[in-house]
Amino acid sequence: MEQDFSRLDHLISVHREKEGALIPLLQAVQELDGYLSRPVLQYISDELGIPAAEIYGVATFYSIFRLQPQGKHIVRICKGTACHVSDANGIKAALLENLGLEAGETTTPDMQFTVVEVACLGCCSLAPVIMVDDQTFGKLKPQMIAGILDRFRDAEV
Amino acid sequence: MEQMIVKVGLASCGLAAGAEDVYLKLREYLGENPGAFRLAETACNGMCFEEPVVELCGLDLGKVTLGRVNPENILPLVQEYKSGKLPSSNIILAERHPAVRNELMANQKRIVLQNCGIIDPLSIGDYEERGGYAALRKALKLSPQAIIDEIQNSGLRGRGGAGFSTGLKWALCAASKSDKKYVICNADEGDPGAFMDRSMLEGDPHKVLEGMIIGAYAMGSDEGYIYCRAEYPLAIKHLNAAIKAAQERNYLGNNILGTGFSFKLHIKEGAGAFVCGEETALIHSIEGKRGMPTIRPPFPAERGLWDKPTNINNVETWANIAWIIQNGAKAFRQMGTQRSPGTKVFALAGMIAGSGLIEIPMGMTLGDIIYKVGGGMKTDKPFKALQIGGPSGGCVPADLLDTIVDYDSITATGAIMGSGGMVVMDTGTCMVDVARYFLNFTQNESCGKCTFCRIGTRRMLEILTRITEGRGVPEDLDKLEDLAKNIIKGSLCGLGQSAPNPVLTTLKYFRDEYLAHINDKRCPAGVCTVLLRFEINPDKCIGCTACARACPVNCISGYVKKPHLIDQSQCIQCGQCYKVCKFDAITKG
Ligand SMILES: Cc1cc2nc3c(=O)[nH]c(=O)nc-3n(C[C@H](O)[C@H](O)[C@H](O)COP(=O)(O)O)c2cc1C
Ligand code: FES
């Protein structure tokens, strides 16, 4: 089936002439689509004349890029040093339990939440820390997780 | 008439602690009582552990800083101040009165952080009022060589980790002949547990810009990049605003302040790869490629971004430049030590009471940082180790706390100065687990180019995991040391060369703990779950059955109101019973 990529044309034209624009372009496309699908990467490759393998290499090198569809809300669990020594594992367990995810799964079946681990959110003084979309929550206890997630769940209805 | 000012700290740390609700409450009040005070915004004064922080000033009482405020208590405190009374609680700092945290602040020396938590980072006027861009005006009247000489004489060393002489680096780049040169600010800040750059960029972005503009003028560059990690959305927002404001005032752009010198600045968002903090990898990343380090030479000063001469400095390095130009190399050298002049910003985190951002003169001891600036330990558990320098650094034990902060003394302990992350650990932290944690990090972040870094770190991680799971053998320690040596030798960039440091320092200072895991199958800190043994103390157990109900493998038995028993052969060490017991009847060890 022929897919329609015209939504990307504007972004591609903005970045086309700039040097080193591949990463910002992929960031912008991901912002729009939520993730980078294979046909999209192929389309960008055709449009920019950069080999698909090279684009794929860039997309897989950086942890910010996702090649699978993701949930509406991104939950970032900090696994930095300060959080690690302040029971980040307990927070992670509480999150996975609340979302009903098994170890290794990252996105809830209803596509509401995707959980990712990050190295440090830069709010180490409030460890342990998570970030939901662009809101940061600190000084967490496992029992606080449910309340935080509910705020985002409610926003949907 | 005196105008009272209420300033709310709205940096990431403040927002995470609920500062926005406090701000909204104040704004609502101001709507109902117009002119009651002026409501202002600032970033973080470094005392993140007291967030949300609000400063009151403008009246005879002098500046008073409140900590841990919330929407409920803020208005009464503000009203007390307004009526000429010292607020009755929550005071952490006060200019003219005693206050709990005054001493912690007084023991610092703030030049890089001089504006953080004081000015509104979105207001270029605030920055100028405190002397901002005066150094640039002064620099533009000097010759480029005079600026480079001044920086070289100051003895400033790169704050990004390696401690290379900034003046020398600038001189090399200035000497490279080219039609085009770049300057870059490294704000990738990948070390977990470090947040100096975030706080500085959020709190005083113009200071970094001013340093970069001066540097570009001195080295003959007309274009620059700030490479900032994407996890710092607020820092990026403030940088964008600062660049725009600086352009409007012609500190950036064409023909800056009528001198004929032009400079434009872009922001590049990082995409989540620790190795991109390494300068050659960072350059490839800006070029839109995979961020793989390449062999130096050629150094970026000869051939860097798009093969043009390029100078990269860390955020904090750039933030020192304006001060040095303004106050002179001699004044700078009056702070710190002979070989490491000036100050250093550190991010204190972990089990320390005063976690946050501090700036101290080089030469202070690590112990003084923890106890006189950081306020000591957070809980009553005693100090065990200070982790300095993140995944490239090491763990310094208690008996080395008289080590002074300078590049060479810290390196002598086996750790490194690094960019400024300090994580304090107490006796509840297992050092083998910490070593495993860091190896897991470096192993994940290795770009995969060098075999030893790619596979050697993986082998080390496997051994460490084995030890924490009680399957270690005595030969493992020699193997770890052997692998460490080879990884250091066989890696091209600093990531691999420093990856073994956390293991080597813990082996050096906490060898007993490794041996306890290997020989006695015991984790003295009670962290490595597989090695834990949970037991019920029959004298304390009242038979409430909470543990038996929580146990996922049903290995706890006993009658109601009678002491229970754990069947050790079935126990999976999940710790659920320990968590649910309300009577402290379960011991772990
Ligand atoms: C793996 C690795 C990660 C690094 N990460 C950073 C970083 O996040 N920030 C930084 O300023 N320097 C980092 N560096 C050091 C840079 O390569 C470079 O030395 C530094 O930006 C130079 O600036 P300075 O002289 O002002 O310190 C890193 C080095 C390595 C090997
Ligand atoms: S370690 Fe978690 S925010 Fe830095």
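Please read all numbers here as calculations on a predicted model, not as lab measurements.

Caption draft 1: Local environment of the interface of chain B and chain A. Chain B puts 49 residues into the contact, and the matching count from chain A is 34 residues. Taken together, both faces of the contact between chain B and chain A bury some 3,100 Å²; the carbon and sulfur share is 60%. Counting the surface chain B buries against chain A, the share from its top three residues, Ala 271, Arg 290 and Tyr 437 of chain B, is 18%. Along the contact surface separating chain B from chain A lie zero salt bridges. Linking chain B with chain A are 17 residue pairs in polar contact (both at pLDDT 80 or more), by the criterion used here. Listing elements by their share of the side of chain B that touches chain A, those giving two or more residues are helix H1 (12–16), strand E8 (264–269), helix H12 (279–286), strand E10 (343–350), strand E14 (421–426) and helix H16 (431–445) of chain B.

Caption draft 2: Region of interest: the pairing of strand E13 (residues 394–397) of chain B. Residues and elements named next belong to chain B. As judged from the four bridges shared by strand E12 (residues 383–388) and E13, these two strands associate in the antiparallel manner. When the bridges of E13 are listed, Gln 387 appears paired with Cys 395. Counting the residues that bridge the hairpin from E12 to E13 gives five residues, and of these Gly 389 lies at a positive phi of roughly 85°.

Caption draft 3: Fine view of the nonpolar core. One finds Tyr 133, Ile 147, Trp 170, Leu 209, Ile 213, Phe 263 and Trp 318 of chain B to be the most contacted residues of the largest nonpolar core, which totals 85 residues. Contacts of Trp 170 of chain B, omitting those with residues within four sequence positions, involve Ile 147, Ile 148, Ile 151, Gly 215, Ala 218, Met 219, Asn 311, Asn 313, Trp 318 and Ile 321 of chain B. Formed by 42 residues, the second largest nonpolar core is a distinct cluster that contains Leu 25 and Ile 50 of chain A together with Ala 271 and Ile 312 of chain B.

Caption draft 4: Here's a closer look at the sheet that holds E10 of chain B. All names here are of chain B. Judged by pairing direction, the sheet is mixed, and its five strands sit side by side in the order E11-E10-E14-E12-E13 without closing on themselves. If you trace the sheet from one side to the other, it starts and ends with strand E11 (356–361) and E13, each paired once. Neighbouring strand axes in the sheet, compared pairwise and without regard to direction, differ in orientation by 30° on average. Looking at chain direction, E10 and E14 are connected through four bridges and run parallel. Residue Ala 349 lies in a different strand from E14, and its bridge partner there is Val 423. Against the sheet, helix H9 (residues 196–203) engages E10, E11 and E14, with an angle of about 115° to E10.

Caption draft 5: Spotlight on the domain arrangement of chain B. You can read the domains of chain B as domain 1 (5–101), domain 2 (124–332), domain 3 (343–426), domain 4 (431–519) and domain 5 (532–588). Measuring from the centre of the C-alpha atoms in domain 3 of chain B to the corresponding centre in domain 5 of chain B gives 39 Å.

How each quantity is defined
- The numbers attached to residues start from 1 for each chain and follow its sequence in the written order.
- Just so you know, chain letters begin at A and ligand numbers begin at 1, following the order they were written in.
- The model is predicted, so local features are restricted to residues of pLDDT at least 70 and side-chain atom pairs to those at 80 or more, both for listing and for counting; the totals for chains, interfaces and linings are taken over all residues.
- Hydrogens and water are ignored here; the side-chain numbers use all heavy atoms of the structure.
- Only heavy atoms enter the contact rule, under which two residues are in contact if any of them lie within 4.5 Å.
- Accessible area that two parts lose when put together, evaluated with a 1.4 Å probe and summed over both, is termed the buried area.
- Here, a salt bridge means any Lys or Arg side-chain nitrogen found within 4 Å of an Asp or Glu carboxyl oxygen.
- We call two N or O atoms a polar contact when they sit within 3.5 Å, provided that within protein one can donate a hydrogen and the other can accept it, with sequence-adjacent residues counted only if both atoms are side-chain atoms.
- Each helix is a run of DSSP H or I of at least 4 residues and each strand a run of E of at least 2, with the numbering of both proceeding from the N terminus.
- Being paired, for any two strands, means DSSP has found at least two bridges between them.
- Nine residue types can take part in a nonpolar core, namely buried Ala, Val, Leu, Ile, Met, Phe, Trp, Tyr and Cys, and a core is a set of them joined through side-chain atoms within 4.5 Å.
- For every residue, the accessible area (1.4 Å probe, protein chains only) is compared with the maximum for its type, and the residue is labelled buried under 20%, exposed over 50%, or partly exposed between those bounds.
- Between N-to-C directions, angles cover 0 to 180 degrees, with each direction set by a line fitted to C-alpha atoms, over the stretch in contact for helices.
- Start and end positions for the domains come from either an automated domain assignment or a database one.

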